[in-house]
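What follows is the residue order along each chain.
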Amino acid sequence: MSTEKDAIQVTTIVDRSRLALQDDFLRGAVRFTTERLRGRKAASSEELGNWEAWRERGRQIRSHTIAHLDYYLRQFVDNVQAHGGHVYFAANAEEAAQTIVKIVEKKQAKLAVKSKSMVSEEIHINKHLQERGIEVVETDLGEYIIQLAGEMPSHIIIPAIHKTRSQIKDLFTAAGATNLTTDTKDLTAFARRALRDKFLRADVGMTGCNFAIAESGSVVLFTNEGNGRMVSTLPKTHIVTMGMERILPTFADLEVMANLLPRSATGQKLTTYMSVITGPRRAEEADGPDELHIVILDNGRSSQLGDDEFQEVLHCIRCGACLNVCPVYRHIGGHAYGSVYPGPIGAVLTPLLNQGEAYQDLPYASSLCGACYEACPVKIPLHDMLVALRRRNVEQGRTKWAERMAFQGYRMVFAKAGRYKRVMRLARKAQKPLLRQGYVESTMGPLMGWTESRHAPALAKSSFRERFQSMQQAWRRGEDGGDQV
Amino acid sequence: MREDEFFAGIAKRLGRSSALTTAPARDVVGAPDFWQSYALPEEERLEKFCVELEKLGGSAVVYDSKASLLQGLSGFLETLQPRTVGMWSGAFTAEFDVDRVLAGREVVYWGTDGANSVARMAQVDVGITGCDFAIADTGTVVLMSDIHKGRSVSLLPSVHVVLIKSSQIRTRMGEVWAEVLQQHGGHLPSSIHFISGPSRSSDIENDLSIGVHGPATVYALIWQE
Ligand code: SF4
């Protein structure tokens, strides 16, 4: 993992969530969208029928492909090259970015247009290109808004989910729009005009890859706006960045993913455009790129292969369904995760792809309710992985000092009855200054994590043992056991 | 990173001494059986295609002869009054006789402007194309690019008119792939586009907007043979 990503991770998930929770609009927007996406997914998967059979088929296909990734990736690469495409391999984010920079510089490009791709966020390609004076323009409407705002996407399907229309109007006005209203049509029309000009002038088009088909060497893109088509049609050079796990063996398998992905992502039966690109344009064709470059990225993915607990994370088709159902994501939004991939998939994927200290607190941003697994179109057991990651943190001694001390203390106190009794008697005295109407209220000190946002019940004045003793004495005296809390 | 190292790394993690070179056996390929046997009769396919496309905000009109389809197209252009019309060239034009209803209009035929083709198509109001297949299940048209069938014609103009023969409509996507692979083997055209309705986005406060980058109108005229 690159050190520059470490630098971004300066706060913990708790700090970032606290920030997000203060932003009422963000919470409202996230809830609105995720509910809407969830509702539409339910409707469209119900209409399809046999959703469980489709999910199981999706799982089987992804599982077979990843288990034989060496074979299918080889087949894909050979077919790309047979069609005149160039293929590059990158061990990490830095290498991928350098490879792309080299291609772009060789073309002496001034302007690059991009369609939405999470992998390109992962390798921070915009920053690398901009540092070399190359203009990079995001062309997905949501990404364009985010880029103008200088922010990171907060949802993998709807990146600008947290922006209001008046904020968008201001951003567009700053970008040169005049007499703009906050009407969606108006805003969209400005983006269409502004970006059309960029598409036509751009030297390089950059896309991700939803699926790479081994049997033909094709790159498949699912988009709704048409910017993916623009970017892969108009500029002379097309650069694809893909995670090494994006492979599918055949087009027959693509039919399954074409039924699962749009439904899970946006509740559509199929996205408006599904583009299948095989090599650069043919010699006599008057549009399409002259050159097609495909950069295949590892960046921590291959380390999951052969790992019983985590190999399945490579089955992910990046649909975002697990975000939409996650109670934690729905409260704190995407930015709180502080990583490229938010939500349950982000909480699993990010610490796996980035070994080291940063992001190791993400697996705790989950209530382990399992809704993510239920929603996942390829049945990835995300909740099990979250538990496994927490266990790994404990095994590697990566828990907080206070937490470790607390558990050690717990073991010591609970091991001996006498010790337990003495400690509880002490605690009853110690809690006195914090008591308010039978509850412990404290916004500082060691109990803060629990008591800052809710009250802990006070310890009873006497323990059950003590009460039981006095009840027994009372019974012997023939009295009713008194309720003496 | 070097290619051989990249592959050696994958093979090693998967517990193999070198990368697999023979196709692994598969017990399941593609869609579940119930889906693979899903095939609507021709009449229903046509109807389903129209219903699905309309749901997406596109329009579909069925004509019982080529002559009436051309009349429909002529009427549509009469209403829209585009300054320029762009069109696929080659066999498609002859097959539908489109020229007959374009007399008196400025028409840009794809590929006839050489290096300037894209720039010219960017100025066009209405793009007219045929299709290679259509899919009833999703209201989709499938366009495969070649020298006469430029990608830009269905992409750059604000209005996309697509002429379809009812015999081109299949029930589901899988049938299209089977036929494409049979026709082309592993050598697919440089691009194949599955287009389902007009360009759309919900990126501004979840409010649906149409025609973000691609065409805002998709108008399908179907000739029922
Ligand atoms: S883990 Fe599953 S639900 Fe989440 S993004 Fe990946 S495929 Fe979608």
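Throughout, a residue's number is its position along its own chain's written sequence, starting from 1. Whichever chain is written first becomes A and whichever ligand is written first becomes 1, with later ones labelled in order. In keeping with the predicted nature of the model, local features appear solely for residues at pLDDT of at least 70, side-chain atom pairs appear and are counted solely at 80 or more, and the whole-chain, interface and lining totals rest on all residues. Calculation of side-chain values draws on the structure's entire complement of heavy atoms; hydrogens and water are dropped beforehand.

S.K.: Can you walk me through the interface of chain A and chain B in this structure?
M.R.: Frequently, the measure chosen for interface size is the accessible area that the parts lose on association. Contacts between the two partners involve 102 residues from chain A and, on the opposite side, 80 residues from chain B. Throughout, the accessible surface (probe 1.4 Å) given up by two parts as they are put together, summed over both, is called the buried area. Across the interface of chain A and chain B, roughly 7400 Å² is buried in total on both sides, 57% from carbon and sulfur atoms. Counted as salt bridges are all cases of a side-chain nitrogen of Lys or Arg within 4 Å of a carboxyl oxygen of Asp or Glu. Run the count over chain A and chain B and you get nine salt bridges. Of the charged contacts, one joins K55 of chain B and E47 of chain A as a salt bridge, the two residues approaching to 3.9 Å between their closest N and O atoms. Here a polar contact means two N or O atoms within 3.5 Å. Within protein one must be a hydrogen donor candidate and the other an acceptor candidate, and residues neighboring in sequence count only if both atoms are side-chain atoms. One can count 47 residue pairs in polar contact (both at pLDDT 80 or more) joining chain A with chain B. All residues other than Ala, Val, Leu, Ile, Met, Phe, Trp, Tyr, Cys, Pro, Asp, Glu, Lys and Arg, Gly among them, are scored as polar; the first ten of these are nonpolar and the last four charged. For the side of chain A that touches chain B, the class distribution of residues is 45 nonpolar, 32 polar and 25 charged. The contact criterion used is simple: two residues touch if any of their non-hydrogen atoms lie within 4.5 Å.

S.K.: Is there a simple way to explain the nonpolar core in this structure?
M.R.: Inside soluble globular proteins, nonpolar side chains tend to come together where they are buried. For the purposes of this section, nonpolar cores are sets of buried Ala, Val, Leu, Ile, Met, Phe, Trp, Tyr and Cys residues that join through side-chain atoms within 4.5 Å. Here the term buried applies to any residue with accessible area under 20% of the maximum for its type, exposed to any over 50%, and partly exposed to those in between, with areas from a 1.4 Å probe on protein chains only. In this structure, F76, L254, M274 and I296 of chain A together with W177 and F194 of chain B are the most contacted members of the largest nonpolar core, which totals 127 residues. We count a stretch as a helix when DSSP gives it H or I for four or more residues in a row; a strand needs E for two or more, and each element gets its number in order from the N terminus. Among the elements that make up this core, the one with the highest residue count is helix α13 (residues 251–266) of chain A (eight residues). The residues contacting M274 of chain A, other than those within four sequence positions of it, are V220, L221, F222, L254 and A258 of chain A together with M173, W177, I192, H193 and F194 of chain B. Grouped together as the second largest cluster of nonpolar side chains are 73 residues, V113 of chain A together with L46, C50 and A220 of chain B included.

S.K.: Quick question: what am I supposed to make of the packing of α13 of chain A against helix α7 (residues 173–184) of chain B here?
M.R.: Pairs of packed helices are described in terms of their axes, by the angle between the two and the distance that separates them. Between N-to-C directions, angles span 0 to 180 degrees; the directions come from axes that are lines fitted to C-alpha atoms, helices contributing only their stretch in contact. Between α13 of chain A and α7 of chain B, whose axes approach to 9 Å, the crossing angle comes to 160 degrees. By the angle between their axes, α13 of chain A is roughly antiparallel relative to α7 of chain B. Of the two possible hands of crossing, α13 of chain A and α7 of chain B adopt the one that is right-handed. Mapping the contact onto sequence places F251, L254, E255 and A258 of chain A in α13 of chain A and M173, G174, W177 and L181 of chain B in α7 of chain B. Counted by class, the contact of α13 of chain A with α7 of chain B contains six nonpolar, one polar and one charged residues. An angle below 35 degrees is read as roughly parallel, one above 145 as roughly antiparallel, one from 65 to 115 as roughly perpendicular, and any other as oblique. Helix crossings are classified by the rotation of the near helix relative to the far one: an anticlockwise turn of less than a right angle makes the crossing left-handed, while a clockwise turn makes it right-handed.

S.K.: Would you explain the sheet that holds strand β1 (residues 86–90) of chain A in this entry?
M.R.: Remark on secondary structure: sheet strands pair via backbone hydrogen bonds, oriented parallel or antiparallel. All names here are of chain A. Here a strand pair is declared whenever DSSP counts at least two bridges between the two strands. Within the open sheet, the six strands sit side by side as β1-β10-β7-β4-β2-β3. Their pairing is parallel. Two strands in the sheet have a free side with no partner beyond their single neighbour: β1 and β3 (135–138). Neighbour-to-neighbour, the strand axes of this sheet turn through a mean angle of 20 degrees, independent of strand direction. In this sheet, strand β10 (residues 291–297) lies alongside β1 in parallel orientation, the contact comprising five bridges. Bridged to A90 within β10 is L297.

S.K.: I'm lost on the site of the ligand in this one. Help?
M.R.: Here a residue counts as near a molecule or strand whenever at least one of its heavy atoms sits within 4 Å of it. For the ligand, the full set of nearby residues is C316, I317, R318, C319, G320, A321, C322, I345, C376, P377, I380 and L382 of chain A. The residue makeup of the shell around the ligand, split by class, is ten nonpolar, one polar and one charged.

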